[in-house]
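# Observations on the three-dimensional arrangement
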Amino acid sequence: MPSRFYVTTPIYYINDLPHLGSAYTTIAADVMCRYKRLRGFESWFLTGTDEHGLKIQREAEARGISPSALADEVSAKFREVWPKLGCAPDDFIRTSEPRHHRAVQELWEKIAKNGDIYLGHYEGLYCVGCEAYYTEKELTQPGNLCPLHKTPAELVKEESYFFRLSKYEKRLLDYYARQPSPVQPASRRAEVLSFVQSGLTDLSVSRTTFKWGIPVPGDPRHVMYVWFDALSNYYTALTAPEDRRRFWPPQLQLVGKDILRFHCVYWQAFLMAAGYPDNELPEQVFAHGFLTYGGHKMSKSLRNTVSPVALAEAISPTVGVDTLRYCLMRSISFGQDGDFSIEDVLSRYSSDLGNALGNLLNRVLPFAETVPPKGETGPLEQSLLEAHRAGAAAGADAFDAVSPTRALEAIWSVLAAANLYVDKAAPWAAKKSNDSVRLGTIVTTLLEVLEGVSVMIAPVMPTVADAIRAQLGLAPLTAEVGHDLWPLTPPARKPGAALRRGDPIFPRLEKETEKELIARFAPPADDDAEAPKPGEAPAAEAPSPVTHGDFTRLDLRVGVVVSAERVKKKDKLLDLRVDIGDAAPRRIIAGIATAYTPEQLVGKRVVVLCNLVPRDFGKGLVSEGMLLAAGDRMRVLTVDGDEAAGTRVR
Ligand code: MSP
């Protein structure tokens, strides 16, 4: 029986149009689904829209239309946008669909029959933006402000049905203790654990003061709490046709960290109460961080959203979508918050994609029109094939651990090895000396590695993968259930097949175009940031206070310097490779050559800021992080003790 993979995204509220923040989750889910498909899994990818509740009713009222008209309009926009971003969900569920209504009501009835829903009276605080109940302690005082929306929570006082959440405390704790943990990453698991350990109270699961929702079976004065309705979508979408049920339970549920509690406490408890045994509960909920823009969460309420389709189109009509997918997955360590920046996209477009990947094709294809026979391989080939093997294994491990960021790092280490191989093997020299056997070996070795890379990048960049394959004379990739296509061993090519050298896949962007993109996609000015008043110290001398949240956005890690070299004609710079616990060491260009010799740095345990937007020092010198150093004498910060490379600094 083939292995199955059921992956879900949250269903999106229809008070907001799809933006880069919502696209982030869907793209990540699509990447994971494509990866599993390549590995031969039978997969199912679900997304959709969350259309009920007070928030939507109010939005419709504000627009002077009915909630269902609003739902039809915005839901269609979500449905249309995903294919434009290279995402291929298998199903798109709307909570206003009859199939959902029917199945949610059945779920409710099952839980009620098991005695876990009862009628009572609710009095408490409610944030309509979150559609969530809060205690005073959880809100910001004074004013009972929602920590996320910064608006006052409303007092709700009404008859309500309650779900016996408190009954499931112990079973939930047992569920979290499972290995591997069903809540990822570990920091989020700790958050959920502490919430449940501090004691659960029963949850109000119906409302009587508005109508836009699914009626409670047998008591139509009540509509279901929108989160009961919404969370059930992951189950209701599989109820028809019947054979879709084989995908239950979900293997991976991707959510933003803002909706962790709903997905890791309420959702699981509802399922437990509906009679699901432990082995039929979701296998993993993975909460990723926020995509920020100019330092703030990208969201409609902050008016700092970016249209992902317009952005992709502006980068390039052919490879813009794949570029965007690559940058989102590569630049923001999956699980952490990360700032979107157009400068980062442009720098990665030219260095990672143009130079390391696209240009590699141009360094090979001019030497042959058909796949040449491969002669005897030597140590250079062996070491490249070893890098391929190691990169493919690390890439697969990283994807399996839901870390597309680490997977891409591993795949790019193969590209780095391949580019180094071209430098060392020097195909031009073999050509000049008419050594066609040697030239054949070099070219075919590279064709094979490029073929392997085309497969490995396909989950993130499906269009680019096929464009590369076309130039290599290979058919587009087609995944097949039961066939694992992951190139753990580098593929072998038969001599004689035609190669089809084409235009550069990532054509260089004109400086003017880059400038226009930077101007067009710069984050909006921060209205909150006040300029220093006359007489006040400028910000650089007296930085304003940061919240703990601001601090945790910095991905600071212990790094061990693996190698250090001087940079020609740049007497302040050192070119370092630093082990930061990832599959491959990170390249860091540090302006510390006047303070240290390269030898003094190798082996040093330093502190690295890993999620700094890459900085291009020109001539291919791109720094992917920063060492922390003190004062004008640039003394690097070291670590007291022998903490492993990659250990978080907090
Ligand atoms: N409707 C609920 C989810 C119900 S699931 C049963 C909801 N919708 S939402 O539209 O507000 O947000 C859905 C998800 O969009 C978030 O959890 C997150 O995955 C994603 N994101 C929206 N803005 C985002 C960022 N700025 N950054 C990262 N993800 C973001 O909550």
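As the structure is a computational prediction, the values presented were derived from the model and not from experiment.

## Details of the overall build of the chain
A tally of regular secondary structure across the chain gives 20 helices and 26 strands. Over its C-alpha atoms the chain spans a radius of gyration of 27 Å, differing by no more than 12% from the 26 Å that the globule rule assigns to 650 residues. Overall size of the chain, expressed as C-alpha extent along the three principal axes, is 90 × 70 × 50 Å. Within the chain, the proportion of its 650 residues that are buried is 53%. Sequence separation of at least 24 residues holds for 75% of the intrachain contacts in the chain that already meet a minimum separation of 6. Just so you have it, the chain exposes about 28,700 Å², and 53% of that area is on carbon and sulfur atoms. Where the 76 positive side-chain charges of the chain centre and where its 81 negative ones centre are 3 Å apart.

## A word on the domain arrangement of the chain
As assigned here, the chain comprises domain 1 (4-288), domain 2 (297-471) and domain 3 (548-636). Each of domain 1 and domain 2 was reduced to a C-alpha centroid, and the two centroids are 37 Å apart. Counting residues at the interface gives 33 residues for domain 1 and 30 residues for domain 2. When domain 1 packs against domain 2, close to 2,700 Å² is buried across both sides, 71% of that on carbon and sulfur atoms. When the area that domain 1 buries against domain 2 is broken down by residue, the three leading residues are Leu20, Tyr24 and Tyr35, summing to 26%. Between domain 1 and domain 2 we count 5 salt bridges in total. One salt bridge connects lysine 297 with aspartate 258, and the closest N-O pair in it is separated by 3.6 Å. At the boundary of domain 1 with domain 2, the tally comes to 9 residue pairs in polar contact (both at pLDDT 80 or more). Contributing elements (two or more residues each) for the side of domain 1 that touches domain 2: helix H1 (20-38), helix H3 (67-84), strand S13 (252-256) and strand S14 (285-288). Among the elements that line the side of domain 1 that touches domain 2, the one with the most residues is H1, at 13 residues.

## Focus: the site of the ligand
As a matter of local geometry, the ligand sits amid 25 residues, with Ile11, Thr25, Asp50, Leu291 and Met298 nearest to it. Glycine 21 is positioned such that a nitrogen or oxygen atom in its backbone is 3.3 Å from a nitrogen atom of the ligand. Within the contact set of the ligand, a nitrogen atom lies 2.8 Å away from a backbone nitrogen or oxygen of leucine 291. Surface burial for the ligand is 93%, taken as the share of its 660 Å² of free accessible area covered by protein chains. Broken down by secondary-structure element, the contributors of at least two residues to the shell around the ligand are strand S2 (12-13), H1, helix H7 (226-231), helix H8 (233-236) and S13.

## Quick notes on the environment of asparagine 419
By the element assignment, asparagine 419 lies in helix H14 (residues 404-425). A residue is classified by how much of its surface remains accessible, and asparagine 419, at 13% relative accessible area, is buried. Spatially, the C-alpha atoms of asparagine 419 and histidine 19 are 36 Å apart, while their sequence positions differ by 400 residues. Ignoring any residue separated from it by four or fewer positions in sequence, one finds asparagine 419 in contact with Asn355, Ala356, Leu360 and Arg363. One polar contact links the side chain of asparagine 419 to the main-chain carbonyl oxygen of alanine 356, over a distance of 3.0 Å.

## A word on the side chain of threonine 9
Here threonine 9 shows up in the loop between strand S1 (4-8) and S2. You can call threonine 9 buried: its relative accessible area is 0%. At a separation of 2.7 Å, a polar atom in the side chain of threonine 9 contacts the side chain of threonine 47. If we ignore the near neighbours within four places in the chain, the residues touching threonine 9 are Thr25, Thr26, Ala29, Phe45, Leu46, Thr47, Tyr234 and Leu254.

## Focus: the pairing of strand S7 (residues 154-163)
Here strand S5 (residues 117-127) pairs with S7 via 10 bridges, running antiparallel. Residue pairing across strands places glutamate 123 opposite lysine 157, the latter belonging to S7. One ladder, built from 2 bridges, connects S7 with strand S9 (residues 203-204); its direction is antiparallel. Pairing of phenylalanine 163 across the sheet is with leucine 203, part of S9.

## Some remarks on unusual backbone geometry
Between glutamine 141 and the following residue, proline 142, the backbone shows a cis peptide bond with an omega angle of 0°. Looking at the element boundaries, proline 142 is found in the loop between strand S6 (132-134) and S7. Phi is positive for asparagine 434, close to 55°, though the residue is something other than glycine. Mapped onto the elements of the fold, asparagine 434 is located in the loop between helix H15 (427-432) and helix H16 (436-457). Although it is not a glycine, lysine 569 adopts a positive phi angle of roughly 65°.

Calculation rules
- Residues numbered from 1 in each chain as written.
- Predicted model: local features only at pLDDT ≥ 70, side-chain atom pairs only at ≥ 80, totals over all residues.
- Heavy atoms only, no water.
- Helix = DSSP H or I, 4+ residues; strand = E, 2+ residues; numbered from the N terminus.
- Rg over C-alpha atoms; globule rule 2.2 N^0.38 Å.
- Buried < 20%, exposed > 50% of the residue type's maximum accessible area, 1.4 Å probe, protein only.
- Contact = heavy atoms within 4.5 Å.
- Areas by Shrake-Rupley, 256 points an atom, 1.4 Å probe, with all protein chains shown as cover.
- Lys, Arg positive; Asp, Glu negative; His and termini not counted.
- Charge placed at Lys NZ, Arg CZ, Asp CG, Glu CD.
- Domains from an automatic or database assignment.
- Buried area = accessible area lost by both parts, 1.4 Å probe.
- Salt bridge = Lys/Arg side-chain N within 4 Å of Asp/Glu carboxyl O.
- Polar contact = N/O pair within 3.5 Å; in protein donor to acceptor, adjacent residues only side chain to side chain.
- Near = heavy atom within 4 Å.
- Pairing = 2+ DSSP bridges.

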